[in-house]
Each structure stands twice: as structure tokens, then as C-alpha cells.
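Examining the three-dimensional arrangement
Here are the chains, one letter per residue:
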Amino acid sequence: MYACDYLETGFLNVLRGVTFAAPTKVYLALFLNDPGDSGTAGTEISYAGYARMEIAFSEPAVSNGGIGIQNLSDITFAAPADPAGTVTHIAIMDSLVGGNMLARSELTESLVIGANEPPVFLAGDVLFYLTGNMSNAFKTKLLNLFRGTSIVGISPHFSLWNGSPEETGSELAGDNYARVALTFSAPSEQASGQMLVQNSLAVSFNRPSTPWGVWTYSAIYSTATGGEPVYLQELTEAITIKKGYMPTIDVGALKVGLN
């Protein structure tokens, strides 16, 4: 499944200190065409007895090279009295009627809804997983939004690491080292459909008075000290932070997206 604009915007605003409130329940909806990133472009199926069906997801777990969730039990819609069309897409909605689209997907095979044939999705058929540079901790938080857990807004800080913070890496240290606070722009949609934020202010680390070590990973953290990694990025070339070398981040140089 792919994240829709509402989910992307809500999550990226977490990096701007805004809590993303989770829906109490989420529902599976059937569409006759692609509802698009906005969630408003498609046509939801309609027949006597049709209603979105509540969906319960598993706990986030390693899946398809990332972290994923899937429906825990079979989902059976009402059977139409007459042929109702061909379902090509499904979506996860935050309300039984109206509401916001969280994620959507094209079916591997279109589903022709014939008379007296109830649409059925077996346990594990509806899978949503996240890959990429988001940390496992925040992939889990995002997926748990589908399970009723809100994501609290954070105070993002940029940090320097030798090795991945999610493995055996260690944060650089030395006289004057401290994470630097980040300020992000409002989310904006790109031509690719991806929603993106970028740092709206230039920031600089303190100037080292002693060497800090070898910088191989950058990480956005949720707080100035401690906290959890949010996004990770391995450098293409390691940089030795020597005495007097002051790392800086220009306006717009740090871009974070979700798709």
C-alpha cells in the first residue's frame, strides 16, 4: 500500500512538533478506480448493503525488507443483489463514512463483484509495510497509528554518528559537541506525488576544540539528548571531524519525505 496525502502530511508535521492523533478505528474501502494520493479522485463502490469494513491490524513486525502490518482476520463485505462492478483499488479510511484516506493500493488482480458474491479478503491479504531511511522506531510508530496509537510531536535535532544508531554505532563526542535543533517547513507535495519537508533555517554545530571522531551516519533525533532516531542516512564518504572543523547545514539541504 502507498501512504496518501493525509497520512504523509500528518506524519511529517510530527517533525514540526504537531501530534498526529490516531483514529479510534480504521476501515477497508473498495474502489472502482484509483483514488489517488489525495484520496478524493476515485469512485467508491456502491450497492445496497455495502459499507466499509472495520479492519484490525497485527503488531508491526519485520516484513519485505522493512516493518509491516497486516489484517489479522478475514474481511467479508455484504453480497450485492446485482452485479456491482469491478474493484481495482482498496483503501484504508479513518471513518466509516467520509473521513480521510490513510493509504491505498491497486489490487494484484481486479475483483469482479457479481450478484450474490460477497467480496472477501483473507487474513494477511491487506499488507502495509515501510522501507527506506525512516528509523525502525518511527516506522513502528507510524504503523501503530493504524492500531489506535497517536504519534506525539517531537523537537527534532540533527546528530552525527560513527555507525548506524540502530546497530552498534556511537554518537560523536568531544568538547563542544551537541546536537543542533532543526526547524522544518510545512509539508509540500512534489511532482512525484511525494510529500516533503525541508529545513527552513541554516544550522551549524559548535566548533570543535578537540577531535570528535569519524562521521559516517547522520540521524534526526526526537530530542536534544537521548530520545529515538527518526531518520537515518549513511554518508557516501566518511568525514573526520577534527579540531576547528564546524559542520553546517544550509537552508533546504535537509529534505525528509514520505510516500
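Turning our eyes to something else, we now look at the overall build of the protein chain. A count of helices and strands for the protein chain gives 2 helices and 20 strands. Taken along the three principal axes of its C-alpha coordinates, the protein chain extends 75 × 30 × 30 Å. Relative to its 259 residues, the protein chain shows a buried fraction of 46%. When the accessible surface of the protein chain is split by element, carbon and sulfur atoms take 48% of a total near 12,200 Å². Within the protein chain, the 23 negative side-chain charges are centred at a point lying 14 Å from the centre of the 12 positive side-chain charges.

Okay, the packing of aromatic side chains next. One pass over the full model with this rule turns up 12 aromatic pairs. An angle of 70° between the planes, with centres 6.3 Å apart, marks the rings of Phe 77 and Phe 121 as edge-to-face. One end of the pair, Phe 77, is in the loop between strand 6 (75–76) and strand 7 (85–93); the other, Phe 121, is in strand 9 (residues 120–121), and 44 residues separate them in sequence. Both residues of the pair, Phe 77 and Phe 121, belong to the buried class. Three or more aromatic residues joined by ring pairs make a cluster, and in this case those are Tyr 47, Tyr 50, Phe 77 and Phe 121. It is Lys 141 that lies over the ring of Phe 138; its NZ or CZ is 5.4 Å from the centre.

Attention now moves to helix 1 (residues 5–14). Across the 10 residues that make up helix 1, a large majority, 8, are buried. Of all the positions in helix 1, only Asp 5, Leu 7, Glu 8, Gly 10, Phe 11, Leu 12, Asn 13 and Val 14 are classed as buried.

Rules used throughout
- Residues numbered from 1 in each chain as written.
- Predicted model: local features only at pLDDT ≥ 70, side-chain atom pairs only at ≥ 80, totals over all residues.
- Heavy atoms only, no water.
- Helix = DSSP H or I, 4+ residues; strand = E, 2+ residues; numbered from the N terminus.
- Buried < 20%, exposed > 50% of the residue type's maximum accessible area, 1.4 Å probe, protein only.
- Areas by Shrake-Rupley, 256 points an atom, 1.4 Å probe, with all protein chains shown as cover.
- Lys, Arg positive; Asp, Glu negative; His and termini not counted.
- Charge placed at Lys NZ, Arg CZ, Asp CG, Glu CD.
- Phe/Tyr/Trp six-rings, centres within 6.5 Å; stacked < 30°, edge-to-face > 60°.
- Lys NZ or Arg CZ within 6 Å of the ring centre and 35° of its normal.

Keep in mind these values describe shape, not function.
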